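Structural overview
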Amino acid sequence: MHQLTIAREYLTARARGTGVCVVIALAASFLASHYGAPVMLFALLLGMAMHFLFEEDACIGGIEFCSTTLLRIGVALLGARVSLDQLMSLGPQTLVLTPALVAATLLAGWGLAKLLDRSTQFGLLVGGAVAICGASAALAIAAVLPRNAEAERDTLFTVVAVTALSTLAMIAYPLLFSALHSSDAQIGFLIGVSIHDVAQVVGAGYATSDATGDVAVFVKLLRVALLPVVVLVLALAYRRPSDTDNGSGVHIPLFVIGFMLIMTINSVGLIPAVVSDAANTTSRWLLITAIAALGVKTSLKSLAKLGWQHMGVAVLSTLFLLLSAVASVWLLGSTGLLPG
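Now for a description of the structure that goes with this document.

The rules behind the values
Residues numbered from 1 in each chain as written. Predicted model: local features only at pLDDT ≥ 70, side-chain atom pairs only at ≥ 80, totals over all residues. Heavy atoms only, no water. Helix = DSSP H or I, 4+ residues; strand = E, 2+ residues; numbered from the N terminus. Buried < 20%, exposed > 50% of the residue type's maximum accessible area, 1.4 Å probe, protein only. Areas by Shrake-Rupley, 256 points an atom, 1.4 Å probe, with all protein chains shown as cover. Patch = residues over 30% accessible without salt bridge, like charges linked within 9 Å, V, L, I, M, F, W, Y side chains within 5 Å. Salt bridge = Lys/Arg side-chain N within 4 Å of Asp/Glu carboxyl O. Contact = heavy atoms within 4.5 Å. Polar contact = N/O pair within 3.5 Å; in protein donor to acceptor, adjacent residues only side chain to side chain. Core = buried A, V, L, I, M, F, W, Y, C linked by side-chain atoms within 4.5 Å. Phe/Tyr/Trp six-rings, centres within 6.5 Å; stacked < 30°, edge-to-face > 60°. Lys NZ or Arg CZ within 6 Å of the ring centre and 35° of its normal. Axes fitted to C-alpha atoms, helices over the stretch in contact; angles between N-to-C directions. Parallel < 35°, antiparallel > 145°, perpendicular 65-115°, else oblique. Left-handed = near helix turned anticlockwise from the far one by under 90°. Nonpolar A, V, L, I, M, F, W, Y, C, P; charged D, E, K, R; others polar. Disulfide = S-S within 2.5 Å. Expected span 1.5 Å × (residues − 1).

**Some words on the overall build of the protein chain**
Regarding its fold elements, the protein chain presents 17 helices and zero strands. With 340 residues in all, the protein chain has 50% of them scored as buried. For the protein chain, the accessible area works out to roughly 15600 Å², and carbon and sulfur atoms hold 69% of it.

**A short note on unusual backbone geometry**
A negative phi holds for most residues other than glycine; trans holds for most peptide bonds. A positive phi angle, close to 60 degrees, is found at D117, a residue other than glycine. Structurally, the position occupied by D117 is in the loop between α5 (92-115) and α6 (120-131).

**Observations concerning a nonpolar patch on the surface**
Nonpolar side chains collect at one region of the surface, where L261, I265, V268 and L270 lie side by side and expose about 390 Å² of accessible area between them. Considering the arrangement of structural elements, one finds L270 in the loop between α14 (254-267) and α15 (273-297).

**Here's the deal with the side chain of S136**
Within the secondary structure, S136 is located in helix α7 (residues 135-142). If sequence neighbours within four positions are ignored, S136 has contacts with V75, L78 and L287.

**What to know about the side chain of S67**
Turning to its location among the elements, S67 is positioned in helix α3 (residues 57-77). Among the polar contacts made by the side chain of S67, one reaches the main-chain carbonyl oxygen of E64 at a distance of 3.1 Å. Residues contacting S67, with those up to four places away along its chain left out, are A290, A293, L294 and K297.

**Digging into the nonpolar core**
Grouped together as the largest cluster of nonpolar side chains are 103 residues, with contacts concentrated most on L227 and F255. Considering each element in turn, this core owes the most residues, ten residues, to α15. Not counting the four nearest positions on each side in its chain, F255 is found in contact with R72, V75, A76, A140, A143, V144 and V231.

**Some points on the packing of aromatic side chains**
Counted according to the given criterion, the structure contains two aromatic pairs. When the centroid spacing of 6.0 Å and the interplanar angle of 50 degrees are considered together, the rings of F122 and F157 count as tilted. Residue F122 is located in helix α6, and its partner F157 is located in helix α8 (residues 151-179); the two are separated by 35 residues in the primary sequence. Overall, F157 belongs to the buried group, its relative accessible area being 12%. Consider the rings of Y173 and F177, whose centres lie 5.5 Å apart with planes at 50 degrees: the pair is tilted. Residue Y173 and its partner F177 are both found in helix α8; the two are separated by four residues, about one turn of the helix. For the residue pair Y173 and F177, the accessibility class agrees, reading buried in each case. We note R284 situated over the ring of W285; from NZ or CZ to the ring centre the distance is 5.5 Å.

**Looking at the pattern of salt bridges**
Here the structure, examined in full by the defined rule, presents one salt bridge. Note that D154 is salt-bridged to R153, the shortest N-O span being 3.4 Å.

**What about the packing of α7 against α15?**
To characterise two packed helices, one gives the angle between the axes of the helices and the distance between these axes. Close contact between α7 and α15 brings their axes to 11 Å; oriented N to C, the two are set at 65 degrees. In terms of axis orientation, α7 runs roughly perpendicular to α15. Both α7 and α15 take part in a crossing whose hand is left-handed. Of the residues in α15, those in contact with A135, S136 and L139 of α7 are L287, I291 and L294. Residue composition of the contact of α7 with α15, grouped by class: five nonpolar, one polar and no charged.

**Topic: the environment of P228**
Looking at the secondary structure, you find P228 in helix α12 (residues 227-237). For the pair P228 and G258, spaced 30 residues apart in sequence, the C-alpha to C-alpha distance is 9.4 Å. Those residues in contact with P228 that lie beyond four places of it in its chain are V256, F259 and M260.

**Points about the state of the cysteines**
Tallied over the entire structure, the rule returns zero disulfides. Note on C21: no disulfide assigned, nearest cysteine sulfur contributed by C66 at a separation of 4.0 Å. Under the relative-accessibility criterion, C21 is labelled buried at 0%.

**Section: α6**
Over its twelve residues, α6 runs 16 Å from end to end, which matches the ideal 16 Å to within 8%, given 1.5 Å per residue. Buried residues dominate α6, accounting for ten of its twelve residues.

**As for the environment of A103**
With respect to the element layout, A103 can be found in helix α5. Looking at A103, the relative accessible area reads 39%, which means it is partly exposed. Along the sequence, A103 and L226 sit 123 residues apart, while their C-alpha atoms lie 9.8 Å from each other.

This is how it looks when you write it as structure tokens:
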């Protein structure tokens, strides 16, 4: 009975704030479906409009719960999107080139942040979001970086910036790659490796052709599969001395373990299609709710204080990935290492 009472008090303390974030997520989904804009962006904007609720004691617990616990569960469930068979079907060239571009972009974000006098943590956050899977990667990476006064503001900015840039890329990249006289397979690879968010990859890929869309989605899934690797590396790099001094050893975030476990189970065919679809849908809603919570926690005033350097890091990281991908395809295609 005592444990039930504790559980009831825990849920009650978080009910109002969680309800607020869920309502914002539902409203964002409705607006996105009617106006064709990214749902993550609507969730952020609506959340920021409700920032005053973060000053209400009754809502704070639930908002924090959505921006942390629900976020981690949503990221872990992303593992249901990926299987090893899908990744192996891409061929050895793609399996080597894609991780190389991800690593290079992550380092580029770090270097550009130093060049533009921004924090290295912000550079890794932007570089990871651009390199892997946009808003989802930004939230996952932010969960293992050190918490400070600027961390949540930088995370929110990163989500806004990469979502906007990904939407522009969905429109512009297919036209650009077609103008370069690339084959369907090459265009699919370029779309899958250079556009940030999964939804925009799907839109750009299948708007070109079915064959292009299939390649784009598989390449994108490979980038998603690299998310736990990047998060784990950053978690180890930024681990606190207490993590090893107290004899507990290296701390691996539970949601990273969950991602890899779900991906492994999916790879051996133990997850039915209906369960996989349900996990993907649940992950999507949890991430939308988490972004809504992040928006509620952040004020427009704090974003207004950011200089042009913040946007510079995001834009230049995006251009770095684009140019690196095009150069790689051109070089490998001309040598016959990447099929046309």
